[in-house]
Amino acid sequence: MGDSRDVLREMPEEVQDEIGFALEHVQRGTKPKNAKPLKGIAPGVLEIVSDFRGDTFRAVYTVRFASAVYVLHVFQKKSKRGIATPKCEIDLIKQRLAQAVKWEAEG
């Protein structure tokens, strides 16, 4: 959703490969080893975490719908204050999840 694909394509090739491989597993109905539930959003929202050269990259997706896997957001975690996902990233994820819910309801 949004610019997720474009952002992923700008990440290091190793990160693209890792996240892409994990999303392939998701599309096949299995949970990748590097995925975990993203707390505080909604059931069925997970994040793939990729660590590369001291940086952390994340892809957040939902499996709440039978028709599609929605990649809600892809970003590099830059917060220096612990492991929590920054509020601005959480807000964008919630906004895109609401849009996915709307799309699914429409058809």
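Summarised in this report is the structure supplied together with it. (Residues numbered from 1 in each chain as written. Predicted model: local features only at pLDDT ≥ 70, side-chain atom pairs only at ≥ 80, totals over all residues. Heavy atoms only, no water.)

### Digging into the sheet that holds strand β2 (residues 45-52)
Sheet architecture is open: four strands sit in the order β1-β2-β3-β4, paired in antiparallel fashion. Two strands close off the open sheet at either side, each with one partner strand: β1 (35-37) and β4 (70-77). In this sheet, neighbouring strand axes are inclined to one another by 25 degrees on average, regardless of whether the strands run parallel or antiparallel. Across seven bridges, strand β3 (residues 55-62) lies against β4 in antiparallel orientation. Looking at the pairing, Arg-58 lines up with Phe-75 of β4. In the packing of helix α3 (residues 87-106) onto the sheet, contacts are made with β2, β3 and β4, and the angle to β4 comes to roughly 170 degrees. (Pairing = 2+ DSSP bridges. Helix = DSSP H or I, 4+ residues; strand = E, 2+ residues; numbered from the N terminus. Axes fitted to C-alpha atoms, helices over the stretch in contact; angles between N-to-C directions. Contact = heavy atoms within 4.5 Å.)

### Overview of unusual backbone geometry
If you check the backbone angles, Arg-53 has positive phi at about 50 degrees while not being a glycine. One can find Arg-53 in the loop between β2 and β3. Judged by relative accessible area, which is 73%, Arg-53 ranks as exposed. (Buried < 20%, exposed > 50% of the residue type's maximum accessible area, 1.4 Å probe, protein only.)

### A short note on the pairing of β3
Counted residue by residue, β3 has six buried out of eight residues, so it is predominantly covered. Relative to β3, β2 runs antiparallel, the two sharing eight bridges. Across the sheet, residue Phe-52 finds its bridge partner in β3, namely Asp-55. Hairpin connection of β2 to β3: two residues between the antiparallel strands, including Arg-53 at a positive phi of 50 degrees.

### What to know about the pairing of β2
Most of β2 sits inside the fold, with six of its eight residues counted as buried. Two strands pair when backbone bridges link them, and β1 and β2 are joined in this way by three bridges, in the antiparallel orientation. Counterpart to Ala-35 in the pairing with β2 is Ile-48.

### What to know about the environment of Ile-90
Tracing the chain through its elements places Ile-90 in helix α3. In contact with Ile-90, not counting residues within four places along its chain, are Leu-38, Ile-41 and Thr-85.

### Looking at the packing of aromatic side chains
A complete count under the given rule lists two aromatic pairs for this structure. Between the aromatic rings of Phe-65 and Tyr-70, the centroid separation amounts to 5.6 Å while the plane-to-plane angle is 85 degrees, which identifies the pairing as edge-to-face. Ring centres 6.3 Å apart and planes at 40 degrees place the aromatic pair Tyr-70 and Trp-103 in the tilted group. Here Trp-103 lies in helix α3 and Tyr-70 lies in strand β4, a separation of 33 residues in the sequence. Assessed through its relative accessible area of 13%, Tyr-70 is described here as buried. Three or more aromatic residues joined by ring pairs make a cluster, and in this case those are Phe-65, Tyr-70 and Trp-103. (Phe/Tyr/Trp six-rings, centres within 6.5 Å; stacked < 30°, edge-to-face > 60°.)

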